[in-house]
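Structural description and commentary
Below, each chain spelled out in residue letters.
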Amino acid sequence: METGTGPAKSARTVTVYGAYGHTGRFVVAELRTRGFVPILAGRDADKLRELAASAPGLEVRPASIDDPASLDRALAGAAAVINCAGPFALTAAPVIEAALRAGIPYVDVAAEIEANADTFTHFADRARDAGAVIVPAMAFYGGLGDLLTTAAMGDWTTADEATVAYGLSGWHPTPGTRTAGTVSRERRSGRRVRFTNGGLEYHDTEPTLLKWPFPAPMGTRQVIGEFTMADVVTIPSHLSIPEVRTHMTTEAAGDLSSPDTPAPTATGRSDQTFLVEAVVRSGGNERRAVATGQDIYAVTAPLAVEAVDRILTGRTHATGVTSAGQIFDAVDFLGALAPHITFELALDDVN
């Protein structure tokens, strides 16, 4: 059913903006599994109604990012909002503004480096002053790497460098992933980006091929060095690490760059597997954390929903614009993601 104002605020009601997208559908399903009541919101009313037909009883609230009143209606009565609608360079700010007006937490699944940086830059002061909670990049890229790096840090307060290596068996990008990538490349005029010397640096250097010793069962694989992902925004936002790098297996990078790679199947978890290893180094010592699982889009749903659950139940360490590793107990959070993710931690310093 459609509504104009929505019910009184419920602690178990969560608006999902972009609910009918590939990741949005996983988020809606995860919310329902965990006893939340999703409100289906987004720009395309027909797609919302189609989704609602497969999940009877859920509200449909069409809303456009250029119509603040419609966003206010979409968030009315909700305890939180999860933004799954990219490109986040366009959607994040309007939905954050609506969340601030509604006085509810905001979580998104943005993988766009510039969009996440914008959220930290433009909303940090307002969110802190309002005591609001805004968590960007609460997803496979950005959120998971940050949680793993934070867990690997252990009792270290600083490190010389952090590397997040992505071992993907392959990558069938969604149309949203491709659009977001196009927007990001346009924003940086085709240049590449890295986090070095304590800041983001845009450059034209060609990527390098490296061998990365992933743990078993993956083993050593060829990766593209400095295949930069959203971790270069989330990790430095709260950890004192001047060099943050992310690498990607060449198979997955090739799938992403090829225009002929098909999108993932419309429904269900794909057979894509992943192994993500975060390594922090300080002096001659290093520490590691590893996560394994299946389907990077599907696993974003438990990441985002676990975040909302913890925010709404007060299991947090921070307010304002904050990353996953800063606001949550990283080790406890990662452990709670079983069976979606298998998590291993090696804090013994290796010389």
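Preceding block: the structure.
Residues numbered from 1 in each chain as written. Predicted model: local features only at pLDDT ≥ 70, side-chain atom pairs only at ≥ 80, totals over all residues. Heavy atoms only, no water.

One finds Met138, Phe140, Leu144, Leu168 and Trp171 to be the most contacted residues of the largest nonpolar core, which totals 109 residues. Ranked by residue count, the leading element in this core is helix 10 (residues 296–312), at 11 residues. Not counting residues within four places of it along the chain, the set of residues in contact with Met138 comprises Val107, Asp108, Val109, Leu147, Thr300, Leu303, Ala304, Ala307, Ala324, Phe328 and Phe333. Counting residues in each nonpolar core, the second largest holds 8 residues, with Ala165, Phe214, Leu275 and Val279 among its members. (Core = buried A, V, L, I, M, F, W, Y, C linked by side-chain atoms within 4.5 Å. Buried < 20%, exposed > 50% of the residue type's maximum accessible area, 1.4 Å probe, protein only. Helix = DSSP H or I, 4+ residues; strand = E, 2+ residues; numbered from the N terminus. Contact = heavy atoms within 4.5 Å.)

Once that is clear, we can look at the packing of helix 1 (residues 22–33) against helix 10. The description of two helices packed together rests on the angle between their axes and the distance between the axes. Where helix 1 meets helix 10, the closest approach of the two axes is 8 Å, and the angle between their N-to-C directions is 50°. Relative to helix 10, helix 1 is oriented oblique. The handedness of the crossing between helix 1 and helix 10 comes out as right-handed. Contact with helix 1, carried on its side by His22, Thr23, Phe26, Val27, Glu30 and Leu31, involves Tyr297, Ala298, Thr300, Ala301, Pro302 and Val305 of helix 10 and no other residues of that element. Tallied by class, the residues present in the contact of helix 1 with helix 10 amount to 8 nonpolar, 3 polar and 1 charged. (Axes fitted to C-alpha atoms, helices over the stretch in contact; angles between N-to-C directions. Parallel < 35°, antiparallel > 145°, perpendicular 65-115°, else oblique. Left-handed = near helix turned anticlockwise from the far one by under 90°. Nonpolar A, V, L, I, M, F, W, Y, C, P; charged D, E, K, R; others polar.)

This paragraph deals with the pairing of strand 13 (residues 273–282). For strand 13, a buried count of 7 out of 10 residues is recorded, marking the element as mostly surrounded by other parts of the structure. Hairpin connection of strand 13 to strand 14 (residues 285–294): 2 residues between the antiparallel strands, including Gly283 at a positive phi of 60°. (Pairing = 2+ DSSP bridges.)

Moving on: the environment of Ala69. Along the chain, the position of Ala69 falls in helix 3 (residues 68–75). For Ala69, a relative accessible area of 39% corresponds to the partly exposed category. Along the primary structure Ala69 and Ala98 are separated by 29 residues, whereas in three dimensions their C-alpha atoms are 8.7 Å apart.

A separate point is a nonpolar patch on the surface. Side chains of Val331, Leu345 and Leu347 sit close together on the surface and give an oily, nonpolar patch of about 210 Å² of accessible area. Within the element layout of this structure, Leu345 appears in strand 16 (residues 341–350). Of the residues examined, Leu345 reaches a relative accessible area of 35% and is grouped as partly exposed. (Patch = residues over 30% accessible without salt bridge, like charges linked within 9 Å, V, L, I, M, F, W, Y side chains within 5 Å. Areas by Shrake-Rupley, 256 points an atom, 1.4 Å probe, with all protein chains shown as cover. Salt bridge = Lys/Arg side-chain N within 4 Å of Asp/Glu carboxyl O.)

For the rest of this paragraph, the subject is the sheet that holds strand 15 (residues 320–321). Strand order in the open sheet formed by 7 strands is 3-2-1-4-5-6-15, and the pairing between neighbours is parallel. Edge positions in the open sheet fall to strand 3 (60–62) and strand 15, since each of these has one partner strand only. Bridge count for strand 5 (residues 106–108) against strand 6 (residues 133–135) is 2 bridges, and the pairing is parallel. Looking at the pairing, Val107 lines up with Val135 of strand 6.

From the geometry alone we can't say anything about function, so treat these as descriptive.
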